[in-house]
Amino acid sequence: MSANATARRTASPAADRRLLTGSFAALGLVTAVWGARLPAVQDAAQIGTGQLGLVLLGAAAGAVAGLKLGGRLADTHGPSRLLVGPAIALGLALALLGQCRTLPTLLLGATLFGLANGLLDIAVNASAVNCERAYRRRIMASLHASYSLGGFCGAVLAATTTWMPYDVQFAIVGLVTTVAACAAVPSVRRAWYLDEALDQSEAADRTSASSSPVAVWLLGALAAAVLLGEGASADWAAVHLASLDASQATAAAAYALYSAAMATGRLCGDRLINRFGAPAVVRVGAGLAAAGLGAGLIVGTAPAALLGWMALGLGLSTAFPCMITAAGREGPRAVSTVAAAGYLGKLAGPAAIGAIASPTSLPAALALPVVLAAAVALASYRALESR
């Protein structure tokens, strides 16, 4: 065994977990600031709901490209190599979006933002799978909780600083993100567990393990449904509240409440799953998400809408981490498939909602995450019961 391998065996994964916690939180914060200030961006550019959906489609297209490119780079060089560069690019892209005042420039800025987002998403989730393996116990939900806490902080920041022009806010948050990414370089270089390093026996077991393509694709479909709800909350919750004549501060608070509820569920998630099992926890949570947001849309008032978004966050909090863990038992290719399908739903879903809202209405379009959450409640037990 080499000296590096020996050092890796004796090193604690705690430092790597702290690095990942910060990376997840930064990703959530930047995404939340962008999503919470979308009404201001829309007003400044004087674009309608359908055109805003087109901008979000550009972000989705950039993110899909980032996911594909990031997957290849992570396989070749290790996911930890993607933790710094894409984080810097994400901060710069947010600052650039603050300067965009026309539909074409918003499309360009959103595409670059999505590209950086996709690269960083692949990096943190692939690294999290490897770090969880080093811990030999569930930590995925708590890592995703840091993303939700970051989203909560970003949404609170946006809600409490609506007096600040959004372009100034985007520039400040982008600069802080860039500086933080540069400061993390030494920690990334010292990381031991973020890149997969299997023993020969482990690699042989992984190679000989048989996986079920149907089970993997079912997990991927459910992950896409779950993360579509997350994408809808990030990009449409504030717009939904604004359409109900809520103030800018109240509209921005919608995603903050969603993120707080999701973070609470994820912080408790590992203990709940250990006690009741992943199938039961995910099924009950998805049912709560569908019922809560559906009721909020039917009532059609700002307080009901806020409660609906909170129910969606709490109900879906443990679903995606459970699906990533379940896919991990089938091997790294299954994890990649499920994660890619999930984030495709997250990124393409908001654009789909915009497309549906254009000829109908936003509340009608937001029935999509309600229906999909109900589908997750019905199908997740079968997908997770043997995993």
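Every chain is numbered on its own, with residues counted from 1 as its sequence reads. Two thresholds apply to this predicted model, a pLDDT of at least 70 for residue-level local features and 80 or more for giving and counting side-chain atom pairs, whereas whole-chain, interface and lining totals are computed over all residues. Think of the side-chain values as coming from all heavy atoms in the structure, minus any hydrogens and water.

Caption draft 1: Local environment of the overall build of the chain. Strands are runs of DSSP state E lasting at least two residues, helices are runs of H or I lasting at least four, and both sets are numbered from the N terminus onward. Check the secondary structure of the chain and you find 18 helices and zero strands. Throughout, the radius of gyration refers to the C-alpha atoms, and the reference size of a globule is 2.2 Å times the residue count to the power 0.38. Taken over the C-alpha trace, the chain has a radius of gyration of 20 Å; the compact-globule value for 387 residues is 21 Å, and the two agree within 12%. Projecting the C-alpha coordinates of the chain onto the three principal axes gives extents of approximately 65 × 45 × 30 Å. Only protein chains enter the calculation, and the probe is 1.4 Å; a residue is then buried if its accessible area is under 20% of its type maximum, exposed if over 50%, and partly exposed in between. When burial is assessed residue by residue, the chain has 54% of its 387 residues classed as buried. In this description, contact between two residues means that some pair of their heavy atoms is separated by no more than 4.5 Å. A fraction of 85% describes how many contacts in the chain between residues 6 or more apart in sequence connect residues 24 or more apart.

Caption draft 2: Representation of the confidence of the model for the chain within the structure. Every residue gets a pLDDT, meaning the predictor's confidence in that residue, from 0 to 100. Residues of the chain with pLDDT of at least 70 account for 91%, and the chain-wide mean is 86. This stretch, residues 198-210, has a pLDDT under 50; its non-local contacts, to residues over four places away or in other chains, come to nine contacts.

Caption draft 3: The arrangement of helix 13 (residues 278-299) in detail. For helix 13, built from 22 residues, the straight-helix expectation of 32 Å at 1.5 Å per residue is met to within 8% by its first-to-last C-alpha distance of 32 Å. Where helix 13 ends, the next residue or the one after it, Gly300, has phi of about 75 degrees, a positive value. Helix span, expected: 1.5 Å multiplied by one less than the number of residues in the helix.

Caption draft 4: Quick look at the packing of aromatic side chains. Note on aromatic contacts: the rings of Phe and Tyr and the six-membered ring of Trp form a pair at centre separations within 6.5 Å, being stacked when their planes are under 30 degrees apart, edge-to-face when over 60 apart, and tilted otherwise. A full pass over the atoms with the stated rule returns four aromatic pairs. Note on Trp34 and Phe113: the rings are 5.9 Å apart at their centroids and 45 degrees apart in plane angle, and the pair reads as tilted. One end of the pair, Trp34, is in helix 2 (residues 14-36); the other, Phe113, is in helix 6 (residues 103-135), and 79 residues separate them in sequence. Phe113 carries the same exposure label as Trp34, and that label is buried.

Caption draft 5: Inspection of the pattern of salt bridges at higher detail. Whenever a carboxyl oxygen of Asp or Glu lies within 4 Å of a side-chain nitrogen of Lys or Arg, that contact is scored as a salt bridge. A complete count under the given rule lists four salt bridges for this structure. One continuous salt-bridge network, built from bridges that share partners, spans Glu230, Arg266 and Lys346.

Caption draft 6: Examining the nonpolar core more closely. Among buried residues, the Ala, Val, Leu, Ile, Met, Phe, Trp, Tyr and Cys ones that are joined through side-chain atoms within 4.5 Å form a nonpolar core. Trp34, Leu241 and Met323 are the most contacted members of the largest nonpolar core, which has 115 residues in total. Per-element accounting of this core gives the leading share, 14 residues, to helix 11 (residues 213-243). When sequence neighbours within four positions are dropped, the list of residues in contact with Met323 reads Leu219, Leu222, Ala223, Val226, Val338 and Val376.

Caption draft 7: Broad picture of the environment of Gly48. Considering the arrangement of structural elements, one finds Gly48 in the loop between helix 3 (38-45) and helix 4 (49-77). Gly48 sits 33 residues away from Ala15 along the chain, and the two C-alpha atoms are 46 Å apart.

Caption draft 8: Up close: the environment of Tyr166. With respect to the helices and strands, the residue Tyr166 is situated in helix 8 (residues 166-183). Look at Tyr166 and you get buried, because its relative accessible area is 6%. It is 7.5 Å that separates the C-alpha atoms of Tyr166 and Val41, two residues lying 125 residues apart in sequence. Each residue touching Tyr166, except ones within four places of it in the same chain, is listed here: Arg37, Ala40, Val41, Ala44, Leu97, Gly98, Cys100 and Arg101. Within 3.5 Å is the distance limit for a polar contact, defined as a pair of N or O atoms, with the added protein rule that one can donate a hydrogen and the other accept it, and that residues adjacent in sequence qualify only through two side-chain atoms. In terms of polar contacts, Tyr166 uses its side chain to reach the side chain of Arg101, at 3.0 Å.

Caption draft 9: Region of interest: helix 8. With 18 residues, helix 8 extends 26 Å from end C-alpha to end C-alpha; this agrees with the ideal 26 Å at 1.5 Å per step. Those residues of helix 8 that fall on the buried side of the exposure criterion are Tyr166, Asp167, Gln169, Phe170, Val173, Gly174, Thr177, Thr178 and Ala181. Along the long axis of helix 8, the arc covered by the buried residues comes to 160 degrees, so they all point the same way. Exposed and facing more than 90 degrees away from the buried side of helix 8 are Leu175, Val176, Val179 and Ala183. By definition, the arc is the one covered by directions from the helix axis to the C-beta atoms.

Caption draft 10: Structural context of the packing of helix 6 against helix 7 (residues 140-160). Running from amino to carboxyl end, helix 6 crosses helix 7 at an angle of 145 degrees, the nearest separation of the two axes being 10 Å. Crossing of helix 6 against helix 7: the hand is right-handed. Only Met140, Leu143 and His144 of helix 7 make contact with helix 6, whose side of the interface consists of Asn125, Ala128, Val129 and Glu132. With axes taken as lines fitted to C-alpha atoms, and helix axes fitted only over the stretch in contact, angles between N-to-C directions fall between 0 and 180 degrees. By definition, any crossing whose near helix is turned counterclockwise from its far helix by less than a right angle is left-handed, and any crossing with a clockwise turn is right-handed.

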